[in-house]
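Survey of secondary and tertiary structure
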Amino acid sequence: MISRWQATDCSFRWMIGRTTRNTDPMKILFLGDVMGRAGRTAIVNHLPRLRTAWKLDFVVVNGENATSGMGLSADHAKLLLDAGADVVTLGDHAFDQKDMLSFIEKENRIIRPMNYSKAAPGVGARVFNAPGGRKVHVAQVLGQVFMKRPFDDPFSALDSVLRQYPMGGQVSASLIDVHCEATSEKMAAGHFCDGRASIVVGTHTHVPTSDAMILPGGTAYQTDAGMCGDYNSVIGMDKVEPLRRFITGMPKARFTPAADEATLSGLYVETDNMTGKATRVEMVRQGGRLSQTGPE
Ligand SMILES: [Fe+2]
Ligand SMILES: [Fe+2]
């Protein structure tokens, strides 16, 4: 026999569900590796406008190259967050700027790879609040193929975090940044997460791939989001020194980020709040030299 207390509790929960249920799709923008000053400037100049124009609910930006192409300083992390990023992900360059070792412990909107190192500060996955009482899970993994140093198995890390935060439960959407050199490893990660994450998007190689799609299980996927940087370059660096090294095999100077106008590159996704599955995906290229595209 059901008690009066239980009946009241059930009714109350039903009312809460009714009042907080949001039937509008979640509009999520992911932007790839911000490269140096050109990338930072493009974020500051364009992201606030895009947040309004595209009615974005949640924005994730990869910031691993935002400071001189090598890592992310605390000041530049604040700049990306102030410009409209809800979360900043990192990568293999996570701690190239030494102040990130302490800043990541204070700023919970920064995510480093889950499998970076057991001794690394910060976390590789976290759940964040989005408008309408919704929750978004964000995680990042590093690949193992062709990376400069070995990292732990990304697939077991993904499996464990997706079991912890299943879509359709406490989280409305789940975004995975797969930071890998090999396109094959990123595609494998996409299929591994299909139906368990809303978005799997690749970073690290700085050139956008034209394969944005919704996988059969409902996961939005793109092998590489591309960088937010100057594309008149070699993956974001001024082209003179990389060309010299390719042609002569001899370094003469340091790499410096290319400085002309950047293209914001990334992925726009709409997701269903109840299932977490993607309902729309569009590639994004705004400003700078690349051909332009977006959800409009
Ligand atoms: Fe990287
Ligand atoms: Fe990068």
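Whatever comes next refers back to the structure up there.
Figured I'd write up the structure that's included with this text. Throughout, residues of each chain are indexed from 1 in the direction in which the sequence is written. As a convention, the first chain written is A and the first ligand written is 1, with the rest following in written order. Where totals are concerned, whole chains, interfaces and linings use all residues; where local detail is concerned, this predicted model gives features only for residues with pLDDT of at least 70, and gives and counts side-chain atom pairs only at 80 or more. To get the side-chain values, all heavy atoms of the structure are used, and hydrogens and water are removed first.

So, about the coordination of the iron ion (ligand 1). Protein coordination at the iron ion (ligand 1) comes from Glu 64 (OE), Asp 92 (OD), His 179 (NE2) and His 204 (ND1), with a distance range of 2.1 Å. Each of the four donor atoms around the iron ion (ligand 1) contributes to a set of angles spanning 88 to 136 degrees, which defines the coordination as irregular. A 2.8 Å cut-off from the metal defines N, O and S donors, relaxed to 3.2 Å for Na, K and Ca; water is not in the atom list, so some sites may appear incomplete. For the iron ion (ligand 1), all donor residues lie on one chain, and their spacing in sequence is E-x27-D-x86-H-x24-H. In this model, the iron ion (ligand 1) sits 3.6 Å from the iron ion (ligand 2), the two metals being bridged by Glu 64. Residue Glu 64 is found in the loop between strand E2 (58-62) and helix H3 (74-83), and its partner His 204 is found in the loop between strand E8 (199-203) and strand E9 (213-214); the two are separated by 140 residues along the sequence. When sorted by exposure, Glu 64 lands in the same class as His 204, which is buried. Tetrahedral means four donors with every angle between 85 and 135 degrees, whereas square planar (four donors) and octahedral (six donors) require angles over 155 degrees between opposite donors and between 65 and 115 for all others; sites fitting neither are termed irregular. Note on conventions: DSSP H or I runs of at least 4 residues are helices, E runs of at least 2 residues are strands, and numbering of each starts at the N terminus. When a residue's accessible area, from a 1.4 Å probe over protein chains only, is under 20% of the maximum for its type it is buried; when over 50% it is exposed; and in between it is partly exposed.

The next thing to look at is the coordination of the iron ion (ligand 2). Donor atoms from the polypeptide that bind the iron ion (ligand 2) are Asp 33 (OD), Glu 64 (OE), Asn 65 (OD1) and His 206 (NE2), placed at 2.1 to 2.2 Å. Of note, the iron ion (ligand 2) draws all its donor residues from one chain, in the sequence arrangement D-x30-E-N-x140-H. A residue is classified by how much of its surface remains accessible, and Glu 64, at 1% relative accessible area, is buried. For Asn 65, a relative accessible area of 3% translates into the label buried.

Moving on, we get to helix H5 (residues 154-164). Taken as a whole, H5 has its buried residues at Pro 154, Ala 157, Leu 158, Asp 159, Val 161 and Leu 162. Its buried side turned inward, H5 meets strand E5 (125-130), strand E6 (134-142), strand E7 (173-179) and helix H6 (183-193). For this analysis, residues touch if any pair of their heavy atoms sits within 4.5 Å.

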